[in-house]
Amino acid sequence: MTRKPTLLTMIGVLIGSGVAVGACGSGAGPSGGSDTTSGPAPAPSPPSPPSSTAPRDRAYHPVIDPAKFSNRVTNRYLPLPVGTTLVYEGTRDGRPQRDEVVITKETRVILGVRCTVVRDTVTSNGALVEKTTDWYAQSAVGDVWYFGEATGEYTNGNLTSTKGSWEAGVDTAQPGVVMKAHPTPGDSYRQEYRPGEAEDMAKVLRTTATVKVPVGRFTNVVVTDDTDPLNPDKADHKSYAPGVGLVLADRVRSGHPEHIALTERRG
């Protein structure tokens, strides 16, 4: 598990993103969410009791200025062009896994920020495993921010869990950074924050990797080490290619080996 950033480190990351840092409030804020879709997005699950093992970071409370964000995500390492479909294939626990990611023209307003809606569907041998709706926006300096997700796990076609769902501004949840405009080895940042429910972190390992996947060979790839304080035995290495985005993900630590690679890009 990577070392958590200090308060000074987090302030540096957020100021570099053009976002101020304020004191954390004690109550939940309004969601302010609205979709341009014909139907509402799945609601985040009810608040869960905070984990007794994961520390609360009361100092983490980015103050979001909607005027400094856009739903047009053009970050070099995580572009989200509307109409694009990315297909990943691999295995989890030895079983085949297929992950289809669709960058939709839909938007959702969260904390006053208009976010791009991305839909992610995971199947195994044709059976639905997980469906997730993610909300992203880009700051004025080019960092990609994550404003939440509505996720559902399925067994035999039936919804069995919505654990991990969260929306910035609801139940003390805060947005996080999923890709910086200019990543540098050693950078560490929160990707999401809903205490006891969603606390993923990332640390940049290198920015000059070479990666080969079914769709091609890429250089100057950014590799991150993604960890979860709520599940300290899990760690993923994710590779982001310039102009493409995520091309490879490997679970490097946990009892559930997982590997996926980009096999198709449309749109």
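Here the structure is a predicted model, which means the values were calculated and not measured. (Residues numbered from 1 in each chain as written. Predicted model: local features only at pLDDT ≥ 70, side-chain atom pairs only at ≥ 80, totals over all residues. Heavy atoms only, no water.)

1. Quick notes on the overall build of the protein
- Along the backbone of the protein there are 1 helix and 19 strands.
- A total of 267 residues make up the protein; the buried ones form 48% of that total.
- Counting only contacts in the protein whose residues sit at least 6 apart along the sequence, the fraction spanning at least 24 positions is 53%.
- Accessible surface for the protein amounts to roughly 12400 Å². Of this, 51% is attributable to carbon and sulfur atoms. (Helix = DSSP H or I, 4+ residues; strand = E, 2+ residues; numbered from the N terminus. Buried < 20%, exposed > 50% of the residue type's maximum accessible area, 1.4 Å probe, protein only. Contact = heavy atoms within 4.5 Å. Areas by Shrake-Rupley, 256 points an atom, 1.4 Å probe, with all protein chains shown as cover.)

2. Some words on unusual backbone geometry
- Phi angles above zero are rare outside glycine, and Leu111 is one such case at about 55°.
- Along the chain, Leu111 turns up in the loop between strand 6 (95-110) and strand 7 (113-124).

3. Regarding the packing of aromatic side chains
- Summed over the entire model, instances satisfying the criterion amount to 5 aromatic pairs.
- Centre to centre, the rings of Tyr146 and Trp166 are 5.4 Å apart; their planes meet at 90°, and the pair counts as edge-to-face. Of this pair, Tyr146 sits in strand 9 (residues 144-155) while Trp166 is found in strand 11 (residues 166-167), placing the two residues 20 residues apart along the sequence.
- Grouping aromatic residues by their ring pairs yields a cluster made of Phe69, Trp145 and Phe147.
- Taking the ring centre of Tyr60 as reference, the NZ or CZ of Arg190 above it sits at 5.7 Å. (Phe/Tyr/Trp six-rings, centres within 6.5 Å; stacked < 30°, edge-to-face > 60°. Lys NZ or Arg CZ within 6 Å of the ring centre and 35° of its normal.)

4. Remarks on the side chain of Asp134
- Within the element layout of this structure, Asp134 appears in strand 8 (residues 127-139).
- The charged side chain of Asp134 is buried without a salt bridge, its nearest counter-charge being Arg119 at 9.2 Å.
- A distance of 2.6 Å separates the side chain of Asp134 from the side chain of Tyr146, its partner in a polar contact.
- Sequence-distant contacts of Asp134, that is, excluding residues within four places in its chain, are made with Thr116, Val117, Val118, Asp120, Tyr146, Gly148 and Glu149. (Lys, Arg positive; Asp, Glu negative; His and termini not counted. Salt bridge = Lys/Arg side-chain N within 4 Å of Asp/Glu carboxyl O. Polar contact = N/O pair within 3.5 Å; in protein donor to acceptor, adjacent residues only side chain to side chain.)

5. Brief notes about the nonpolar core
- Judged by nonpolar contacts, the single largest core of 52 residues is most densely connected at Phe147 and Val247.
- Once residues lying within four places of it in the same chain are set aside, the contact partners of Phe147 are Ile64, Phe69, Ile110, Leu111, Val113, Cys115, Trp135, Ala137, Trp166, Glu167, Ala168 and Pro175. (Core = buried A, V, L, I, M, F, W, Y, C linked by side-chain atoms within 4.5 Å.)

6. Comments concerning the pattern of salt bridges
- Applying the stated rule across the entire model yields 13 salt bridges.
- For Asp93, the salt bridge identified is with Arg92, shortest N-O distance 3.4 Å.
- Asp226 serves as the salt-bridge partner of Lys238, at 3.5 Å between the closest nitrogen and oxygen. Taken together, the residues span a long stretch of sequence, with Lys238 in strand 17 (residues 235-241) and Asp226 in strand 16 (residues 216-227) at a distance of 12 residues.
- Since its relative accessible area comes to 24%, Lys238 is described here as partly exposed.

7. Let's talk about the environment of Met201
- Structurally, the position occupied by Met201 is in strand 15 (residues 201-213).
- Taking C-alpha positions, Met201 is 8.3 Å from Asp225, a pair spaced 24 residues apart along the chain.

8. Overview of the confidence of the model for the protein
- Looking at the protein as a whole, its pLDDT mean stands at 84, while 78% of the residues score no less than 70.
- Of the regions scoring below 50 in pLDDT, residues 1-18 engages in 38 contacts with residues more than four places distant in sequence or in other chains.
- In this model, residues 20-55 is a region of pLDDT below 50 whose contacts with residues beyond four sequence positions or in other chains number 74 contacts. (pLDDT = per-residue confidence, 0-100.)

9. Some details on the environment of His182
- With respect to the secondary-structure elements, His182 resides in the loop between strand 12 (174-179) and strand 13 (188-190).
- Owing to a relative accessible area of 66%, His182 belongs among the exposed residues under this scheme.
- In this structure the C-alpha to C-alpha distance between His182 and Tyr77, which are 105 residues apart in sequence, comes to 9.1 Å.

10. Digging into the pairing of strand 5 (residues 85-92)
- Inspection of the sheet shows strand 5 paired to strand 6 by 8 bridges, in the antiparallel sense. Across the sheet, Leu86 pairs through a bridge with Val101, a residue of strand 6. (Pairing = 2+ DSSP bridges.)

11. Considerations on the environment of Thr123
- Relative to the helices and strands, Thr123 is located in strand 7.
- Beyond its immediate sequence surroundings of up to four residues, Thr123 is in contact with Pro96, Gln97, Arg98, Leu128 and Val129.

12. Looking at the pairing of strand 8
- Strand direction decides the pairing type here: strand 4 (residues 69-70) and strand 8, joined by 2 bridges, are antiparallel. When the bridges of strand 8 are listed, Ser70 appears paired with Gln138.
- One ladder, built from 9 bridges, connects strand 7 with strand 8; its direction is antiparallel. Residue pairing across strands places Arg119 opposite Thr133, the latter belonging to strand 8.
- Where strand 7 folds back onto strand 8 in an antiparallel hairpin, the turn is made up of 2 residues, including Asn125, whose phi is positive at roughly 55°.
- Sheet topology note: the strand 8/strand 9 ladder contains 9 bridges and is antiparallel. Residue pairing across strands places Lys131 opposite Gly152, the latter belonging to strand 9.
- Hairpin geometry of strand 8 and strand 9 is characterised by an intervening segment of 4 residues between the two adjacent antiparallel strands and by a positive phi of about 105° at Gly142.

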